[in-house]
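Each chain is listed here by its residues.
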Number of protein chains: 2
Amino acid sequence: MILSALLTSVAINLGLCLLFFTLYSILRKQPGNVTVYAPRLVAEGKVKEGGQFNLERLLPTAGWVRKAWEPSEEEFLSNAGLDAFVFMRIFIFSLKVFTFGGIIGMCVLLPINYLGTQLKDDSDFQHKSLDSFSISNVNNGSNRLWIHFSAAYVFTGVVCYLLYYEYAYISSKRIACFYSSKPQPHQYTLLVRGVPIPPGSTCSETVERFFQEYHPSTYLSHSVIRRSSRLQNLTADADKMYKKLTRLKSKSDAPQSQRRDGLFGLFGRKVDLLDHYERRLGDLEDNVRMEQSSVAAKEVPAAFVSFKTRFGAAIALHIQEGVNPTEWVTEQAPEPRDVYWPFFTVSFIRRWISKLVVFVACATLTVLFLIPVAIVQGLTHLDQLETWFPFLTDLLRLSVVSQVVTGYLPSLILQLFLSFVPPIMILLSSMQGYISLSQIQKSACTKVLLFTIWNIFFANVLSGSALYRVNVFLEPKEIPRVLAEAVPAQASFFIAYVVTTGWTTIASELFQLTTLLYNFISRTFSSNSDDDFEPPSIPYHSEIPRIRLFGLLGVTYFILAPLILPFLLVYFCLGYIIFRNQFLKVYVPKYETGGQFWPTVHNSTIFSLILMHVIAIGIFGLKTLPLASALTIPLPILTLLFNEYCQNRFFPMFKDYPAECLIKKDRADQNDHNMSEFYDTMANAYNDPALMPIRYSDRPNSNRDPLLHNSQV
Amino acid sequence: MILSALLTSVAINLGLCLLFFTLYSILRKQPGNVTVYAPRLVAEGKVKEGGQFNLERLLPTAGWVRKAWEPSEEEFLSNAGLDAFVFMRIFIFSLKVFTFGGIIGMCVLLPINYLGTQLKDDSDFQHKSLDSFSISNVNNGSNRLWIHFSAAYVFTGVVCYLLYYEYAYISSKRIACFYSSKPQPHQYTLLVRGVPIPPGSTCSETVERFFQEYHPSTYLSHSVIRRSSRLQNLTADADKMYKKLTRLKSKSDAPQSQRRDGLFGLFGRKVDLLDHYERRLGDLEDNVRMEQSSVAAKEVPAAFVSFKTRFGAAIALHIQEGVNPTEWVTEQAPEPRDVYWPFFTVSFIRRWISKLVVFVACATLTVLFLIPVAIVQGLTHLDQLETWFPFLTDLLRLSVVSQVVTGYLPSLILQLFLSFVPPIMILLSSMQGYISLSQIQKSACTKVLLFTIWNIFFANVLSGSALYRVNVFLEPKEIPRVLAEAVPAQASFFIAYVVTTGWTTIASELFQLTTLLYNFISRTFSSNSDDDFEPPSIPYHSEIPRIRLFGLLGVTYFILAPLILPFLLVYFCLGYIIFRNQFLKVYVPKYETGGQFWPTVHNSTIFSLILMHVIAIGIFGLKTLPLASALTIPLPILTLLFNEYCQNRFFPMFKDYPAECLIKKDRADQNDHNMSEFYDTMANAYNDPALMPIRYSDRPNSNRDPLLHNSQV
């Protein structure tokens, strides 16, 4: 890639971003789009959906930037929650890292690279290859490489310092959030699994007896878990039917309220639709009730056990309870709304096996993903398309069309396949036996991260056959050399990747094209889809890996091709302001993990650093400066030791709260008069929603909203 | 090696063993040897040292075998302690495994191997090579290999079953021992490190305040640790001087009680020796007292904290105490006699660095050990010796002498070097920051085990250059092939190794040659060395690795050369009876780990199985039976899964006691009237012995025995 081509690409993509921003600033003011661009505010009742038309609504303005910028960190934290706060810290951390890296890179490394003569590129400045700005252009054996060497040490030091600072800052915020939190059921509750039920006794009795025996002063109550997957399906059906019915009722005088009761509603005798649905809902309800009474007997040997104090719960959590460590296994309970109920129906052995299966499936998907993609991409060759769709022949021979097809179709197919990955990973994680949605998301986040690093970074770098790639990793000695040859060669590709994919994904995050289209279609074709309106929550498991990939690119290419850094800085600046806007206006957290995504971010940064060091070792070797190569070896070791220290210093705080905090918080609560009330609500907090009594149809209490019983849980 | 040679070797070594046994049964009856062969009984006061001479004392008898055999497992356990019991279970476990393996091997595999014709060995039975009895003799591609394949599966299954059974049995014994134990200080005590001392406060105050704040109902007392390494040296000097003095006093009318006070006691004026020593002891005592008073100010930010109940201690142990996880770090305290005091003088960072240094040193020693040995062995070539010691030339030219020198000297040098390894590993482990002698021994045990497996097994198997060896482990794919080629080739070496080294080491364990010689010399040259008499404790860190090496050989060669198994069975039978005898009569446990050596034994057995599987995969490949090779791959995976399960099922019980046990035991103690007395003794249990008041010299209380203050601790 030459410099002028890069500049063209930058110009095009800047234009695209500006277009997105302009469209956003106009569209967001249209009352119909309020559920797309401010669903959070709608859910909180801060914005009315209607509104008068005026001219101002058609003018693009940048007021949203100011509004997103204004709130202080504290305000943002209390407004959006700790998880969103941690997410924003990724941007702040990256901005700090790449501002420092950018200054060193652009002021020191770039001129040195440019002054080299290794590549013998004699074209004028405009037509210079981007490689002239990379380390490849520095002469072999040149002493100037020692500047790159020092830069690697200094950069690593700064990144480690910033990592330490962030970890400390976020863990202090986590503790502060804990201190300022109200009493919540999950702080007092454990999930106990592997209850050994003696013959002739029930699970409930066993749990009660055990905890009253060994934790008499702190035990409060428990709720046994029941095998309810069939019931869950029935309840979901009833819910759906109820929604249909209410919608039908709201437009009860519409002409289509009658239909035939035969196949597809086309044949058979005409029935009153309202009447028909009501009868089916009644049937469903009867089924649910029958199933509910039978489920009561299907106890799973597990229970949520609540304690009177947080410290009491922590004691039972941390000390092995029974003599057999596979019995009475305790685990901190998730928030009630965060519990993943379907999981509990699975037995221990099935969970163990599915964990193995998921591991294998995930590894296979990650390693072999590109093979089917390549095959499908191969089918989009022009001649293939012509044989399949002969009528397109003339069209495809137009040079513009053929360029678009060959240029964009393969990348479109890749994007399509990639978009399936996060949902697949969520599915795999949910089979792994996690008891909460947040744990599933966290695990999926790690999976997607590994997937992204392998399939975007390594697949592009090691663009040989799949087998060749695997072979490299079986010969550890060869890795630095192979990477040092391959990674710098892809520098211009990744610079272009940041400018195109990076900038546009972040702009389209603001623009929310799919939601906008969906909203437009549903508004046009059905007048009351708002019944189902629910503000979205941010998919951390697909966003964090994407952002971390750009972080990885920045760190890895810092000494190789510092030209990438300014473009990354633009990306992170845009991301910072746009995601702040989205958190304040769009996303509503479904559950709170207490900042548990940060360790993943930390670890991936450490990985990037190590990767950078390995490549540096290889590249100094290739550049015939073996001393620098050898002297770089302590760097990854020091980084790993630093990581080890951080794991000891901070990670325990992200797992559990220390005794000091728990006891202080418990003592503060002792003076609270509402605690007995809170204890009462806690007793029912962990009941399976499927087991709650339901009443939809026109019998006593028929108007009770199903949303109400969901929100109770 | 041919069959007749093996039989000769067996005969010679059996003869040697018999000789050892005969000598033992005579020597053990000599009254002078009672401190060599029954020090435990002497220490317990069950045997008097003197005795009348009679003829029966000169006749070899086997009564000791009966006496060692007689006690039941329960009696042995209560007599010798849980650690010794676990040690004996290694023999019982190995006997079970190799009895089963031996039956299968000798009745099924050996005939099949012998009937093969691959090696085309046409010599008569007596001159058959041992390889004719190994898998190498089975024809390539023969379907008979499927029997070996099945044997591998069946054997692995049986070993895993036995492993499971042993783990369950030993952990139940561990819990039973806990239930039957008397209250002991270490059950109630934690070591707390990283006490954050605020300015203007002392460590003692900080600890007191913290635990009274957060564990008010269970906190009992604490003793702060002081920097006392200088003091420890001084006290040791004073101890030595005191012993010299008492010895001198006991023979006060001897002529040498005067000596000159100059160089080597040869020049200068004559002084009264008694007076001289007493004055020096007095000076030392003054120094100790001065140092003791100055040490009181040198607080280390660590303390032993005692609690009123075991459960109270467990709570503080398992829950992270402070917000910063590197502060208030808790650890279960060792038994008071087990504390490794010198360790406490080292700061956190120095401990961390020394841990790294030890890891590197240990890895280097293990991997490169054979290089210096080989060099030294190279120096023992006859011509080398002749150049160095020309006067030996004639002697060395005698064929008997030259055979002995070339045959035995290299192996003697290897043995000499090997005997240094356990002490070196103990030294390395003691630098790692463990707080107890038992932990040091356990860590050294693992180190010596790895060392033994690498330097005895792998070094003999992969007898190429050191570099070549390391290379194999960098190419994981090649490992099965290389091992499958190399391991069967060494079968006869290892059979001979079991017969020679195995049998003789176990017989010399009974005979205790070095102790016997030392005892003989000290009795001859100094009449009252009994002052220093202290019964020995068994060096687990050198014995367990040795026994496990023979276990590894048995498992690895089970399908390759089953001929090794009968000889191993003899080894384990001898070992069982001899070590039982030694535990009952010789060794006195210095501290009790509660059976914590078993997990090491379990893990090393799993490693042997995996190694066996890897070799099987390679050998089926070499024997052109790729299907069997592929079908063996699930076996190591299943074994690892089994191990994973065992780790979950049993390992937690070897780390800490569960809440159920602790609470039951605490409740049982509540009814005990001696508890308040016990609490009083506990308050002083963890005082540094160097800080105890000492009074040796002829001042008030001068007759207090220093042994008394040691036994108090």
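For every chain, the first residue of the written sequence is number 1, and numbering continues from 1 along that sequence. Just so you know, chain letters begin at A and ligand numbers begin at 1, following the order they were written in. Since the coordinates come from a predicted model, pLDDT governs what is reported: local features require at least 70, and pairs of side-chain atoms require 80 or more to be given and counted, while whole-chain, interface and lining totals use all residues.

### Some remarks on the overall build of chain A
Our working definition: Secondary structure is summarised from DSSP: a helix means a run of H or I of at least four residues, a strand means a run of E of at least two, and numbering begins at the N terminus for each. Field definition: a residue is buried when 20 or more other C-beta atoms are found within 10 Å of its C-beta, exposed when 12 or fewer are, and partly exposed for counts in between, with C-beta atoms placed from the backbone. By the convention adopted here, residues make contact when the C-beta atoms placed from their backbones lie within 7 Å.
A count of helices and strands for chain A gives 31 helices and six strands. Expressed as a percentage of its 713 residues, the buried residues of chain A come to 37%. A separation threshold of at least 6 residues defines the contact pool for chain A, and within that pool the share at least 24 residues apart is 80%.

### Considerations on the relation of the copies chain A and chain B
Inclusion rule: Copies are brought into register by a least-squares superposition over C-alpha atoms of residues with pLDDT of at least 70 in both.
When chain A is fitted to chain B, the residual RMSD is 0.1 Å, and the transformation amounts to a turn of 180 degrees plus an axial shift of 0.1 Å. Here the symmetry operator amounts to a two-fold rotation axis. Most of the interface of chain A is mirrored in chain B: 100% of its interface residues are interface residues there too.

### Observations concerning the domain arrangement of chain A
Residues and elements named next belong to chain A. As a reminder of what qualifies: Domain extents, as shown, originate in an automatic or database domain assignment. When residues are grouped by polarity, Ala, Val, Leu, Ile, Met, Phe, Trp, Tyr, Cys and Pro land in nonpolar, Asp, Glu, Lys and Arg in charged, and all others, Gly among them, in polar.
Structurally, chain A comprises domain 1 (3-181 + 490-661), domain 2 (185-348 + 675-712) and domain 3 (349-433). Across the contact, seven residues belong to domain 1 and eight residues belong to domain 2. Here the residues of the side of domain 1 that touches domain 2 are counted per class, giving two nonpolar, one polar and four charged.

### Some points on the environment of B:Ala43
All names here are of chain B. The residue Ala43 is located in helix α3 (residues 39-43) in this model. Classification of Ala43 as partly exposed rests on a count of 14 C-beta atoms within 10 Å. Distance in space between the C-alpha atoms of Ala43 and Arg350 is 40 Å, their sequence separation being 307 residues. Apart from residues lying up to four places away in sequence, Ala43 is in contact with Pro535 and Val588.

### As for the packing of helix α25 (residues 598-622) of chain A against helix α27 (residues 634-649) of chain A
Residues and elements named next belong to chain A. Worth spelling out the cut-off: Interaxial angle, 0 to 180 degrees, is taken between N-to-C directions of lines fitted to C-alpha atoms, where a helix line uses only the stretch in contact. Any angle that is under 35 degrees is reported as roughly parallel, and any over 145 degrees as roughly antiparallel; angles of 65 to 115 degrees are reported as roughly perpendicular and all others as oblique.
One can describe the packing of α25 onto α27 by two numbers: an axis separation of 9 Å at closest approach and a directional angle of 170 degrees. When the interaxial angle is binned, α25 and α27 end up roughly antiparallel. Contacts between α25 and α27 pair His602, Ile606, Leu609, Ile610, His613 and Val614 from the former with Leu635, Pro636, Thr639, Asn643 and Cys646 from the latter. Here the residues of the contact of α25 with α27 sort into seven nonpolar, four polar and no charged.

### Remarks on the interface of chain A and chain B
Each partner contributes residues to the interface: chain A has 26 residues there, and chain B has 26 residues. When contributions to the side of chain A that touches chain B are tallied by element, the ones reaching two or more residues are α12 (310-318), α27, α28 (651-655) and α29 (659-670) of chain A. In terms of residue count, α29(A) provides more of the side of chain A that touches chain B than any other element does, four residues in total. Tallied by class, residues from the side of chain A that touches chain B come to 15 nonpolar, five polar and six charged.

### Section: the pairing of strand β2 (residues 219-226) of chain B
Where a strand is regular, its side chains alternate between the two sheet faces. All names here are of chain B. Quick note on the threshold: Here, a strand pair is defined by DSSP locating no fewer than two bridges between the strands.
For β2, a buried count of seven out of eight residues is recorded, marking the element as mostly surrounded by other parts of the structure. Bridge analysis of β2 against strand β5 (residues 299-307) gives six bridges, and the strand direction is antiparallel. Paired with Ser223 across the strands is Phe304, a residue of β5.

### Quick look at the confidence of the model for chain A
When pLDDT drops low, the exact placement of atoms in the prediction is not to be read closely. Residues and elements named next belong to chain A. The cut-off we apply is this: Scored from 0 to 100, pLDDT reflects the predictor's confidence in each residue.
Summing up the model confidence of chain A, the mean pLDDT is 83 and the portion of residues at 70 or higher is 88%. Note on residues 699-713: pLDDT is under 50 here. Beyond four places in sequence and across chains, it has 13 contacts. Listed scores for the predicted complex are pTM 0.84 and ipTM 0.82.

### Considerations on the nonpolar core
Nonpolar side chains tend toward joint burial in soluble globular proteins. This is how it is decided: Buried Ala, Val, Leu, Ile, Met, Phe, Trp, Tyr and Cys residues whose C-beta atoms connect them within 7 Å together make up a nonpolar core.
In terms of nonpolar packing, the biggest core is built from 110 residues, with A:Ile495, A:Val498, A:Ile564, A:Leu568 and A:Ile615 touching the most fellow members. Taken domain by domain, this core gets at least three of its residues from each of domain 1 (3-181 + 490-661) and domain 3 (349-433) of chain A. In this view, A:Leu568 contacts A:Phe98, A:Val498, A:Phe550 and A:Gly554; residues no more than four positions away in its chain are not counted. Within the second largest apolar cluster, 109 residues are counted, among which are B:Tyr24, B:Ile440, B:Ile453 and B:Ile615.

### A word on the sheet that holds strand β5 (residues 299-307) of chain A
Residues and elements named next belong to chain A. Pairing in this open sheet of four strands is antiparallel, and the strands run β2-β5-β1-β6 from one edge to the other. On the outer flanks of this sheet lie β2 (219-226) and β6 (329-332), each paired with one strand and no other. Between one strand and the next, the sheet's axes are offset by a mean angle of 30 degrees, whatever the strand orientation.

### Some details on helix α24 (residues 540-557) of chain B
Put simply, the test is: Here the expected length of a helix is defined as 1.5 Å per residue gap, with one fewer gap than residues.
If you check α24(B), its first and last C-alpha atoms are 25 Å apart, about what 18 residues at 1.5 Å a residue would give, namely 26 Å. Extensive coverage of α24(B) is indicated by the burial of 18 of its 18 residues.

### Regarding the sheet that holds strand β6 (residues 329-332) of chain B
Residue and element names in this part refer to chain B. Ordered by their spatial adjacency, four strands build an open sheet running β2-β5-β1-β6, and the pairing between neighbours is antiparallel. The open sheet is flanked by β2 and β6, the only strands paired with a single partner. Adjacent strand axes in the sheet meet at a mean angle of 30 degrees when their direction is disregarded. Here four bridges tie strand β1 (residues 189-193) to β6, and the two strands are oriented antiparallel to one another. Its bridge partner lying in β6, Arg193 is registered against Val329.

### Here's the deal with the environment of A:Leu560
Residue and element names in this part refer to chain A. Here Leu560 lies in the loop between α23 (540-557) and α24 (564-585). For Leu560, a count of 26 C-beta atoms within 10 Å translates into the label buried. When the C-alpha atoms of Leu560 and Ile619 are compared, they prove to be 8.9 Å apart, with 59 residues separating the residues in sequence. Not counting the four nearest positions on each side in its chain, Leu560 is found in contact with Ser134, Ile135, Val487, Pro488, Ala491 and Ile615.

### Things to note about unusual backbone geometry
Residue and element names in this part refer to chain B. Even without glycine at this site, Trp328 takes up a positive phi of about 50 degrees. A count of 24 C-beta atoms within 10 Å places Trp328 in the buried class. One non-glycine residue, Gln512, adopts positive backbone phi at about 55 degrees. Here Gln512 shows up in the loop between α22 (491-511) and α23 (513-525).

### Concerning the environment of A:Ser508
Residues and elements named next belong to chain A. With respect to the helices, strands and loops of the structure, Ser508 is situated in helix α21 (residues 491-511). Exposure remark for Ser508: the 16 C-beta atoms within 10 Å place this residue in the partly exposed category. Here the alpha-carbon distance between Ser508 and Leu414, two residues 94 residues apart in the chain, equals 18 Å. Beyond its immediate chain neighbours, meaning those up to four positions away, Ser508 contacts Phe20 and Leu513.

### Looking at the packing of helix α21 (residues 479-489) of chain B against helix α26 (residues 598-622) of chain B
All names here are of chain B. α26 packs onto α21 with a crossing angle of 80 degrees between their chain directions and a minimal axis gap of 7 Å. Classified by the angle between their axes, α21 and α26 sit roughly perpendicular to one another. Taking contact as the criterion, the partners of Ile479, Pro480, Arg481, Leu483, Ala484, Glu485 and Val487 in α21 are, on α26, Val614, Ile615, Ile617, Gly618, Ile619, Gly621 and Leu622. Taken together, the residues of the contact of α21 with α26 sort by class into 10 nonpolar, two polar and two charged.

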